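# Secondary and tertiary structure notes
So you can see what is in the structure, the chains are spelled out below.
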Amino acid sequence: MEPGDPQGKRVAIVGGGLVGALNACFFARRGFHVDVYEAREDIRVASFARGRSINLALSHRGRQALRAVGMEEQIVSKGIPMRARRIHMLSGKKYSIPYGKKNQYILSVDRSNLNRELLTAAEKYSNTKLYFGHKLVGCNTELGKLTIKRSDQRPLEFTYDLIVGCDGAFSTVRKQFMRQTRFNYSHEYIPHGYMELTIPPKDGDGFEDCLVFDELMDQFHNDLGACLPEFSRLRVPDDHAISDLAMYNYVEMREHVNSTWFIFRKHVDNFLHMLMPSTIVPLYTMVTFTRIRYHEALQRWKWQEKVGQWWCPSSLCHECNKHPAHQHCSAAGGRALVVGYCQIINRGLFVMGAAGLCGTYLLIKWLAQDSEICMENLWGWSHYLKYIGNFPFGTEIA
């Protein structure tokens, strides 16, 4: 497709949820004619909104996307800052694990209200139309044809320059792609299901794809023919990384947050990040408070884990049943042995770490008594250490 003025070019967005409504804003502000098709009724007038009621955790990436369409302040003003993860133990004990530094937080926002506001924002563009009760039943991506069934069951067919699938986990657009030859697709379920609760929000973020595509439209001057392959080249590695990170986050929430060793490592990582902010960056910080590409964040984290293994070979013991020794043990007795083994290591490391910190304090105090060494010099040396080295991937954290 030739680059240039998008006037007269038609974009169909399948799905009027959070990402679909945001995408409509991005395309409409560029001058495309945008039609949004949503199978459900308009949630702004519906007596009952289907879907998950749990709040959405809005991170730096999501806020950047909202800022690009001029909606950040409008949404942030209604959000609730969340600075830490609250852990409730079976014993009744409660404690918090901070998400980042004292000034860093994610925002808890009402999912339904955010969807309503995005739909209203999209509808304000004269070149955007929203169609509710319109269900996609078929599409030909090569020809740009959509077959839509209205609420009266009457099928309609339309042709577009671009079809954007934003119709969620059980995407009809994806199913149409799966009918093509040599289209790889896999689906894996975790052991746990979803349950509605009235307590803490769950991390979620899905707006960055919209922002990345919009940035590519700037780069390639609205040339969809150039943007689409470049978008796939950039985002496929990141999407694979997102899948891996989501599974890791699931395991972390399921098991690691109750581990003394895990919390100790969190403190160590934060301390190293304070000393060398460009070299050691906690995984959660990279994912939530920066726009470092997901696959790069994963690579950096793996490198940092290898560094951690250097000073502690058992740093992979976050999850006892994944300890290398477990590979040689029987299911029941072996697991108990490894759990006990890891507990001994964790307690020993905790004592060693505490002793190391105390020893460092005493050493500094002793050095400060020397007439030739003053605290100002020690501060200067630590300040120098803080800025030593740059990580090979070269991404700076603001």
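See the structure printed just above.
First things first, this report covers the structure right here in the doc. (Residues numbered from 1 in each chain as written. Predicted model: local features only at pLDDT ≥ 70, side-chain atom pairs only at ≥ 80, totals over all residues. Heavy atoms only, no water.)

## Some thoughts on the overall build of the chain
- Helix and strand counts for the chain come out as 12 helices and 13 strands.
- Expressed as a percentage of its 398 residues, the buried residues of the chain come to 40%.
- Residue pairs at least 24 apart in sequence account for 66% of intrachain contacts in the chain once pairs closer than 6 positions are excluded.
- With the model as given, the accessible surface of the chain reaches about 23,500 Å², and the carbon-plus-sulfur share is 57%. (Helix = DSSP H or I, 4+ residues; strand = E, 2+ residues; numbered from the N terminus. Buried < 20%, exposed > 50% of the residue type's maximum accessible area, 1.4 Å probe, protein only. Contact = heavy atoms within 4.5 Å. Areas by Shrake-Rupley, 256 points an atom, 1.4 Å probe, with all protein chains shown as cover.)

## A look at unusual backbone geometry
- Residue Arg182 is not a glycine yet carries a positive backbone phi of 60 degrees.
- Position of Arg182 relative to the elements: it lies in the loop between α5 (172-178) and β13 (202-203).
- Judged by relative accessible area, which is 82%, Arg182 ranks as exposed.
- One non-glycine residue with positive phi stands out, namely Asn222, at about 65 degrees.
- Structurally, Asn222 can be placed in the loop between α6 (208-219) and α7 (224-254).

## Details of the packing of helix α1 (residues 18-29) against α6
- Contact geometry for α1 and α6: axes closest at 9 Å, N-to-C directions at 15 degrees. Compared by their axis directions, α1 and α6 come out roughly parallel. Handedness of the crossing formed by α1 with α6: right-handed. Taking contact as the criterion, the partners of Val19, Leu22, Asn23, Phe26, Phe27 and Arg29 in α1 are, on α6, Cys210, Leu211, Phe213 and Asp214.
- Taken together, the residues of the contact of α1 with α6 break down into seven nonpolar, one polar and two charged. (Axes fitted to C-alpha atoms, helices over the stretch in contact; angles between N-to-C directions. Parallel < 35°, antiparallel > 145°, perpendicular 65-115°, else oblique. Left-handed = near helix turned anticlockwise from the far one by under 90°. Nonpolar A, V, L, I, M, F, W, Y, C, P; charged D, E, K, R; others polar.)

## Some remarks on the side chain of Asn127
- For Asn127, the location among the structural elements is in the loop between α4 (111-123) and β8 (128-132).
- When its relative accessible area of 17% is taken as the criterion, Asn127 is described as buried.
- Separated by 3.0 Å, the side chain of Asn127 and the backbone oxygen of Ala28 make a polar contact.
- In this structure, Asn127 is in contact with Ala28, Gly31, Phe32, His33 and Val34, ignoring residues within four places of it in sequence. (Polar contact = N/O pair within 3.5 Å; in protein donor to acceptor, adjacent residues only side chain to side chain.)

## Observations concerning the sheet that holds strand β9 (residues 135-140)
- The antiparallel open sheet is built from three strands, whose spatial order is β9-β10-β11. The open sheet terminates on both sides in strands that have one partner only, identified here as β9 and β11 (155-159). Neighbour to neighbour, the strand axes of the sheet diverge by 20 degrees on average, direction disregarded.
- In this sheet, strand β10 (residues 145-149) lies alongside β9 in antiparallel orientation, the contact comprising five bridges. Residue Cys139 lies in a different strand from β10, and its bridge partner there is Leu146. (Pairing = 2+ DSSP bridges.)

## What about α1?
- Spanning 12 residues, α1 covers 17 Å between terminal C-alpha atoms, matching the ideal 16 Å at 1.5 Å per step.
- Where burial is concerned, most of α1 is hidden: 10 out of the 12 residues are buried.
- Three or more residues of α1 are buried, namely Leu18, Gly20, Ala21, Leu22, Asn23, Ala24, Cys25, Phe26, Phe27 and Ala28.
- Gly31 sits one or two positions beyond α1 and adopts a positive phi of about 105 degrees. (Expected span 1.5 Å × (residues − 1).)

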